Amino acid sequence: MITRTRLAAGACALLAALAAGMAFPAGASAGEPTGEDAPKVDLVLDVSGSMRTRDIDGGTRMAAAKQAFNEVLDATPEEVQLGIRTLGADYPGDDRKTGCKDTAQLYPVGPLDRTEAKTAVATLSPTGWTPIGPALLKAADDLDGGDGSKRIVLISDGEDTCAPLDPCEVAREIAAKGIGLTIDTLGLVPNTKMRQQLSCIAEATGGTYTSVEHTDELTDKVNQLVDRAADPVVTPVATEGADACAKAPTLKSGLYTDREEFGQQRWYRVDVKPGQELRASVSVGADRAVNPSYGVLLRAVTVHGREIVRGEAAGNGRTDVLSTGLRYPKAESDEDDAAAEAVCLQVTNSFSVASGVKTSPGLPLELTVDVVDGPGDSDDVAAFGLGRGWWLLGLLVLVGFVAGLLWGWLSRWRFAIWRTN
């Protein structure tokens, strides 16, 4: 009897293993960028005297930056050409004119030798001024040439000390050249003035600003930005949403940017034909200090105001970007020449700011619209929502059925043995 019980348990375990293997097949490999020119990234690090401050995880800001850089260098994709530029690393004196020229290429942009780059980073010591504007101009030159993506990642713990060369104006000048260069900024333990300046720099080129107070946050964010450089370049199209569905611009599949005032509604229209599916997502960036408790709502409604589907997200702390999305599959029509349905997308935010913080211009908004062929088969993800989960559900039912038969047979056999004895 014991032997038969073990056989039954083994059969159940085998069926469960087969179910798990069939329900969760191996994932496909991610695609690689198809551009001919390699993506380029220039990490621009503030090495001014204030980087000696010990307020990040019990250590100095410089120590946190070095640790983060070492981990980032280990994780940099092979296809990315990476360089490192410093600002305020060499001149310790008080002469403003000299200090505001203190920027140098620590490691040239090109194929990465991880050992050599780490050795160069290890030599850094907090020294001088904070010439952010001059460093950005030089970094743009470091990335000159080629048609691949170009990204500057600026890490600083203070605002620029070399006015009147305003780094925000420098960023706008770089954007005006039309070379497709994006500047992302990270503020170490930021104050209000620094946050405003770094946000302005990022905003001018379509980049992002992030405040950082821990080493692991710095590492994760820089890794994310370096990885993003390897993604195919998509240029967003500027649009202007309306205050009502009837006045809204009609959008096709693509990536769009807009601005939305605090508490404002923005409307857009998308034509969806029978048999197609609308997929839309929106991100609203908090490019200035905002109050806690906020949200973003994306609704798809008919031209008559009936809600079709919605997506929403909320936050309770300092969040740089809040995103949500939705999907709407439109059923097939029996008529060959059936007209497309005008779907209105409504974007609403509940961000607010304290007194003294500028509310204009509005918050940066990024809207992604994708109209694709809808589900054609009954087992399509959009039609049933479970995708490969149907495999798991069916196999679990089968396993339960077989296990029940085995258990019933064993129970009857044991009962028969008991009666005999």
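Everything numeric here is computed off the predicted structure, so don't read it as measured data.

### Topic: the sheet that holds strand β18 (residues 363-373)
Here comes step 1: Taken in spatial order, the five strands line up as β9-β11-β18-β13-β16 in an open sheet, and their pairing is mixed. Either end of the sheet is taken by a strand with one partner, and the two such strands are β9 (237-238) and β16 (321-329).

### Describing helix α2 (residues 61-75)
Here comes step 1: End to end, α2 covers 21 Å across 15 residues, agreeing with the expected 21 Å (1.5 Å per residue, within 8%).
Here comes step 2: Residues of α2 that are buried include every one of Arg 61, Met 62, Ala 64, Ala 65, Ala 68, Phe 69, Val 72 and Leu 73, and no others. Projected down its long axis, α2 shows its buried positions confined to an angular sector of 160°, all on one face.

### A few points about the state of the cysteines
Each disulfide consists of a covalent bond between the sulfur atoms of two cysteine residues.
Here comes step 1: Within the structure shown, the criterion is met by three disulfides.
Here comes step 2: For Cys 100, the disulfide goes to Cys 162, at an S-S distance of 2.0 Å. Between Cys 100 and Cys 162 the disulfide shows an S-S torsion of about -95°. By sign, it is left-handed. One end of the pair, Cys 100, is in the loop between α3 (96-99) and β5 (103-110); the other, Cys 162, is in the loop between β6 (150-156) and α6 (167-176), with 62 residues separating them in the sequence. Pair check on accessibility: Cys 100 and Cys 162 agree, each one buried.

### Notes on unusual backbone geometry
Here comes step 1: A cis amide bond, omega 0°, links Ser 360 with the succeeding residue Pro 361.
Here comes step 2: If you trace the backbone, Pro 361 turns up in the loop between β17 (341-349) and β18.
Here comes step 3: Of note, the phi angle at Asp 57 is positive, near 50°, even though the residue is not glycine.
Here comes step 4: Looking at the element boundaries, Asp 57 is found in the loop between β2 (54-56) and β3 (59-60).
Here comes step 5: Here Ser 293, not a glycine, exhibits a phi torsion of approximately 65°, which is positive.

### Quick word on the side chain of Thr 324
Here comes step 1: Locating Thr 324 in the fold gives a position in strand β16.
Here comes step 2: For Thr 324, the side chain forms a polar contact with the main-chain nitrogen of Glu 312, separated by 2.9 Å.
Here comes step 3: In this view, Thr 324 contacts Ser 281, Val 282, Val 296, Leu 298, Gly 311, Glu 312 and Ala 313; residues no more than four positions away in its chain are not counted.

### Re the layout of surface pockets
One simple way to see leftover space: roll a probe sized like a water molecule over the atoms.
Here comes step 1: In this structure, the second largest pocket spans a volume of roughly 380 Å³.
Here comes step 2: Along its surface, the second largest pocket is lined by 14 residues, and Gln 196, Asp 287, Arg 288, Lys 358 and Ser 360 are the ones closest to its centre.
Here comes step 3: Taken together, the residues of the lining of the second largest pocket break down into four nonpolar, five polar and five charged.

### Regarding the pattern of salt bridges
Where charged atoms from two side chains of opposite charge approach closely, those side chains can pair.
Here comes step 1: Taken as a whole and judged by the stated rule, the model has 16 salt bridges.
Here comes step 2: When the shortest N-O distance is used, the salt bridge between Asp 74 and Lys 118 registers 2.6 Å. Here Asp 74 is found in helix α2, whereas its partner Lys 118 is found in helix α4 (residues 114-122), with 44 residues between them in sequence.
Here comes step 3: What makes Lys 118 partly exposed here is its relative accessible area of 26%.
Here comes step 4: A salt bridge links Glu 307 to Arg 310; its shortest N-O distance comes to 3.0 Å.
Here comes step 5: Note on Arg 310: relative accessible area 37%, which makes it partly exposed.
Here comes step 6: Each of Arg 299, Glu 307, Arg 310 and Glu 312 takes part in salt bridges that share partners, so that together they form one network.

### Quick word on the nonpolar core
Here comes step 1: Core analysis: the biggest nonpolar cluster contains 32 residues, and Leu 43, Leu 45, Ile 155, Leu 186, Leu 218 and Val 226 have the highest contact counts within it.
Here comes step 2: Of all the elements in the fold, those that place two or more residues in this core are β1 (40-46), α2, β4 (81-87), α4, β6, β7 (181-188) and α8 (215-229).
Here comes step 3: Among the elements that take part in this core, α2 stands out by supplying seven residues, more than any other.
Here comes step 4: Among all residues touching Ile 155, those that are not within four sequence positions of it are Val 44, Leu 45, Asp 46, Phe 69, Leu 186, Leu 188 and Leu 218.
Here comes step 5: Formed by 28 residues, the second largest nonpolar core is a distinct cluster that contains Tyr 256, Val 270, Val 296 and Tyr 328.

Conventions and cut-offs
Numbers given for residues are sequential positions, taken from 1 along each chain in its written order. Reporting in this predicted model follows two pLDDT cut-offs: at least 70 for local features of residues, and 80 or more for side-chain atom pairs to be given and counted; totals over whole chains, interfaces and linings ignore these cut-offs and use all residues. Side-chain descriptors were evaluated using all non-hydrogen atoms of the structure, hydrogens and water having been removed beforehand. Paired strands, as defined in this entry, are two strands with at least two bridges between them according to DSSP. Comment: elements are numbered from the N terminus, with helices defined as DSSP H or I runs of at least four residues and strands as E runs of at least two. Helices are assigned an expected span. That span is 1.5 Å times one less than the residue count. Residue burial is assigned from relative accessible area. The probe radius is 1.4 Å, only protein chains are included, and a residue is buried under 20% of its type maximum, exposed over 50%, and partly exposed in between. What the arc measures is the spread of directions leading from the helix axis to the C-beta atoms. Two cysteine sulfur atoms form a disulfide, by the criterion used here, when they sit within 2.5 Å. Polar contacts, as used here, are pairs of N or O atoms within 3.5 Å; protein pairs need one atom able to donate a hydrogen and one able to accept it. Residues neighboring in sequence count only if both atoms are side-chain atoms. Any two residues whose heavy atoms approach within 4.5 Å at even a single point are treated as in contact. Definitions used for this entry: grid spacing 1 Å over protein atoms alone; cavity, a set of points where a 1.4 Å probe fits but cannot get out; pocket, an open set with protein on both sides within 12 Å along at least 5 of 7 lines; lining residue, one with an atom within 4 Å of a point. Grid points are joined across faces, edges and corners, and a volume is the space filled by probe spheres set on the points. When residue character is reported, Ala, Val, Leu, Ile, Met, Phe, Trp, Tyr, Cys and Pro are called nonpolar, Asp, Glu, Lys and Arg charged, and the others, Gly included, polar. We define a salt bridge as a contact between a side-chain nitrogen of Lys or Arg and a carboxyl oxygen of Asp or Glu at a distance within 4 Å. We call a set of buried residues a nonpolar core when its members are Ala, Val, Leu, Ile, Met, Phe, Trp, Tyr or Cys and they connect through side-chain atoms within 4.5 Å of each other.

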